[in-house]
Amino acid sequence: MVMRLVDEIFPLVEGFYVDLHKNPELSHAEYRTANSVAEWLTRTGFEVHTGVGGTGVVGILRNGDGPTVMLRADMDALPMEEKTGLPYASTARGTDAEGGEVPIMHACGHDAHTACLVGAADLLAEARDHWRGTLMVVAQPAEETIEGAAAMVADGLYPRFGRPDVVLGQHIGPQPAGMVTHREGVLMAASEATSVRVFGSGGHASRPDATVDPVVIAANIITRLQTVVAREISPSEMAVVTVGMVRAGTKSNIIPDEAYLEINTRALNTLVADRLRTAIERIVRAEAAASGAPREPEITVMQQAGVTANDPDHTHDVAAAHRAYFGDGYVIDLPEPVTGSEDFGVFGLPGDPDPIPYVYWFVGATPHDVWAAAPGDTPYEKLAGVPSNHSPFFAPDREPTLRAGLAALTIGALTYLGRAEDDIVPTGAQQAFQVDGAQRPFAPDGAPAHEPSAPTVAEPAPVAAAEPSAPLVPSIAPESGLEGGTDGGVPDENIGESTQSADMDALLEETGEGRHQEDAEGSTRQANMAQLLADEAPAPSPAPPQGAPVAAPPPQGAPISAPPPPPGATPYVPGTYAPDDRPASGDASEPQPYEQQPEPGQDPPREEPPFRL
Ligand SMILES: [Zn+2]
Ligand SMILES: [Zn+2]
């Protein structure tokens, strides 16, 4: 059975993840990451193309007649300093777009997405006798800047490599680790980032009468913008207008010549997004005129992401397959869209007369004990109390998160690639939600935690025996080139840095230097990862989730004020977005298993009901 290979492949996925986490790369600079992905896919038998839309990687595995399923992950990290205290925390630094040196961290979990992508690709390649069709694997650059998906499409992704019948993707978030969250229809908001320069006429602070003060203009703009959502948007609609940056002047006794603002908006349909954009422009121009500005303001839309709108039917099917595998209690339906944004929807060709259906879901990453200890009684309150994406404290619970992500993506593909009925068996559910015996099960809705009860899930599936002649994982040959990787884009100097074969302990040991001085005993080779984490991980951070920049995904902050349209609601306005109106949218000579073994006989407690939003 295909899914039984999860246990086999998992240690390698885990090693790949830790390596990516330690070596994050900024948007558009995912060279090492892309190379690692390309190496893995090449050795797994995929036809591999690199340099698509920048550093993007495309892998194709043709396996007979059947649908084409595209799996997508994003690869980029963020310019921020990691403060998780994890043994494999990033200390990487790099150069941002402005030329400044910045710390880099995988604070949005794209390392997990990429690791699950290559793991699912490997697993499906190994189990190709169990399915038919074409698997298209896409590792995308620059999601955080909302540019990578569009760049890959513009680079001929579909004309060059084939058009998929469905596109699948996932994102980890602050929900309890291993929880899979689906939503039919609108899932994530449209967003825009707009810059505004307003011009005045500078002078001495003592003679304001001889100037036009751009600071006052900017202040009036900011204040007036607060009325847009309050007074111009229907109370039944979700809309956000945030002025996230204000910059003007250098000294108290100088009235500057200009002021600079950056404004971020969110909306769940295009009509509201258009209204926000129009209102911002009108207010900016009117305030400048009201103050007698000598020049028209400059208004520039810097980033724009459309609504992420899941195809309802396909989402239903994938969610059903996930339930069949994980169990009903671990797959939930999100009642409301989230205000984060993504460029994943670009792969659905919004605006195209024949858009491609897609399904995007969330996978929880918060350790269950952290979740249980978070303040609040409701899931939304707890979501606001645990480190979330883009927080320097965002520390996914590695094993349950990766297991769930790997399984969810693989099952998603098998939903379409046929002959899946006997492949999707609930044999791995408990693996994804294993809770340490010392931890109490998280108690949703503030209810008392259930006592761990007799396991209701089948015993762990036996691992399919790999045939000696066809080992599960191809060997690593750093010197080997990338077959089919003739598209350029990945510098040669990065080739050979893949750590698919990396010794997990070595990875940890490297980072653990200094941290393990007292107890190192000369080596961490035998170190138990759980022990390491228990020793090293900081207490759950009280730090609140950081504000969500343009690309921040899963639920963040307070509950969304506006509920989603009721089921079956008619479109907001004919021609604008509505749920039914999607945007027109080798040989493994030496596998390097991770040595930490699950403790046998420790069946996880199943909390029921585990989580209800
Ligand atoms: Zn992200
Ligand atoms: Zn992000």
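Predicted model, so just to flag it, every value in this text is computed and none were measured. (Residues numbered from 1 in each chain as written. Chains lettered and ligands numbered in written order. Predicted model: local features only at pLDDT ≥ 70, side-chain atom pairs only at ≥ 80, totals over all residues.)

1. A closer look at the overall build of the chain
Logical step 1: Along its length, the chain carries 14 helices and 18 strands.
Logical step 2: Split into buried and exposed, the 613 residues of the chain put 54% on the buried side. (Helix = DSSP H or I, 4+ residues; strand = E, 2+ residues; numbered from the N terminus. Buried ≥ 20, exposed ≤ 12 C-beta atoms within 10 Å, placed from the backbone.)

2. Observations regarding the confidence of the model for the chain
Logical step 1: Confidence along the chain averages 77 in pLDDT terms, with 68% of residues attaining 70 or more.
Logical step 2: When the criterion is pLDDT under 50, residues 420-505 qualifies, and its contacts beyond four places in sequence or with other chains add up to 204 contacts.
Logical step 3: Low pLDDT, under 50, characterises residues 507-613; the stretch is placed with 217 contacts to residues that sit more than four places away or in other chains. (pLDDT = per-residue confidence, 0-100. Contact = placed C-beta atoms within 7 Å.)

3. Quick look at the sheet that holds strand β14 (residues 258-267)
Logical step 1: If you trace the four strands from one edge of the open sheet to the other, you get β12-β14-β10-β15, paired in antiparallel fashion. The strands lining the two open edges of the sheet, one partner per strand, are β12 (239-248) and β15 (298-305). If you compare each strand with its neighbour and ignore which way they point, the axes differ by 15 degrees on average.
Logical step 2: Note that strand β10 (residues 190-199) and β14 share ten bridges and pair antiparallel. Following the sheet pairing, Ser195 is matched in β14 by Glu262.
Logical step 3: Helix α6 (residues 214-232) rests against β10, β12 and β14 of the sheet, and its axis sits at about 170 degrees to β12.
Logical step 4: Together, β10, β12, β14 and β15 form the strand contacts of helix α7 (residues 270-290), whose direction differs from that of β10 by roughly 10 degrees. (Pairing = 2+ DSSP bridges. Axes fitted to C-alpha atoms, helices over the stretch in contact; angles between N-to-C directions.)

4. A closer look at the sheet that holds strand β18 (residues 358-366)
Logical step 1: Taken together, the eight strands give an open sheet; going across it, the order is β1-β2-β6-β3-β7-β18-β8-β17, and neighbouring strands pair in mixed fashion. Sheet topology places β1 (47-52) and β17 (331-333) at the edges, where each strand pairs with a single neighbour. Ignoring which end each strand starts from, the neighbouring axes of this sheet average 25 degrees apart.
Logical step 2: As defined by bridge partners, strand β2 (residues 56-63) adjoins strand β6 (residues 133-140) across seven bridges and the pair is classed as antiparallel. In the strand pairing of β6, Val58 is matched with Val138.

5. Things to note about unusual backbone geometry
Logical step 1: Of note, the phi angle at His28 is positive, near 75 degrees, even though the residue is not glycine.
Logical step 2: Not every positive phi belongs to a glycine, and Ile146 is a case in point at roughly 55 degrees.
Logical step 3: Taking the number of C-beta atoms within 10 Å as the measure of exposure, Ile146 has 23 and is therefore buried.

6. Some details on helix α2 (residues 31-43)
Logical step 1: A rise of 1.5 Å per residue sets the reference length of α2, with its 13 residues, at 18 Å; its end C-alpha atoms lie 18 Å apart and thus fit the reference within 8%.
Logical step 2: Count one or two residues on from α2 and you reach Gly45, which has phi positive near 100 degrees. (Expected span 1.5 Å × (residues − 1).)

7. Topic: the packing of helix α3 (residues 110-126) against helix α11 (residues 398-417)
Logical step 1: For the pair α3 and α11, the least separation of the axes is 8 Å and the interaxial angle reads 50 degrees. Judged by the angle between their axes, α3 and α11 are oblique. Like other packed secondary-structure pairs, α3 and α11 cross with a definite hand, here right-handed. Of the residues in α11, those touching α3 at Ala112, Ala115, Cys116, Leu117, Gly119, Ala120, Leu123 and Leu124 are Thr401, Leu402, Gly405, Leu406, Leu409, Thr410 and Ala413.
Logical step 2: Residues belonging to the contact of α3 with α11 are distributed by class as follows: eleven nonpolar, four polar and no charged. (Parallel < 35°, antiparallel > 145°, perpendicular 65-115°, else oblique. Left-handed = near helix turned anticlockwise from the far one by under 90°. Nonpolar A, V, L, I, M, F, W, Y, C, P; charged D, E, K, R; others polar.)

8. Describing the packing of helix α1 (residues 5-22) against α11
Logical step 1: It is the contact of α1 with α11, at a shortest axis distance of 10 Å, that shows an interaxial angle of 120 degrees. For the element pair α1 / α11, the angle class is oblique. Handedness of the crossing formed by α1 with α11: right-handed. Taking contact as the criterion, the partners of Val6, Phe10, Val13, Glu14 and Tyr17 in α1 are, on α11, Arg398, Leu402, Arg403, Leu406 and Ala407.

9. Notes on α7
Logical step 1: Given a rise of 1.5 Å per residue, 21 residues ought to cover 30 Å, and the 30 Å separating the end C-alpha atoms of α7 matches this to within 8%.
Logical step 2: For α7, the full list of buried residues reads Val272, Ala273, Arg275, Leu276, Ala279, Ile280, Ile283, Val284, Glu287 and Ala288.
Logical step 3: Next to the buried residues of α7 lie β10, α6, β12, β14 and β15.
Logical step 4: Within two residues after α7, Gly292 carries a phi angle of roughly 75 degrees, on the positive side.

10. Considering the environment of Val246
Logical step 1: Looking at the secondary structure, you find Val246 in strand β12.
Logical step 2: The partly exposed category is assigned to Val246, around which 15 C-beta atoms lie within 10 Å.
Logical step 3: Setting aside residues no more than four positions away along its own chain, Val246 makes contact with Ala218, Ile222 and Leu261.

11. Observations regarding the environment of Gly178
Logical step 1: Inspection of the secondary structure assignment puts Gly178 in the loop between β7 (166-176) and β8 (180-182).
Logical step 2: Taking the C-alpha atoms as reference points, Gly178 and Ala404, 226 residues apart in sequence, are found 5.1 Å from one another.

12. Description of the environment of Thr134
Logical step 1: Mapped onto the elements of the fold, Thr134 is located in strand β6.
Logical step 2: Along the primary structure Thr134 and Pro67 are separated by 67 residues, whereas in three dimensions their C-alpha atoms are 6.2 Å apart.

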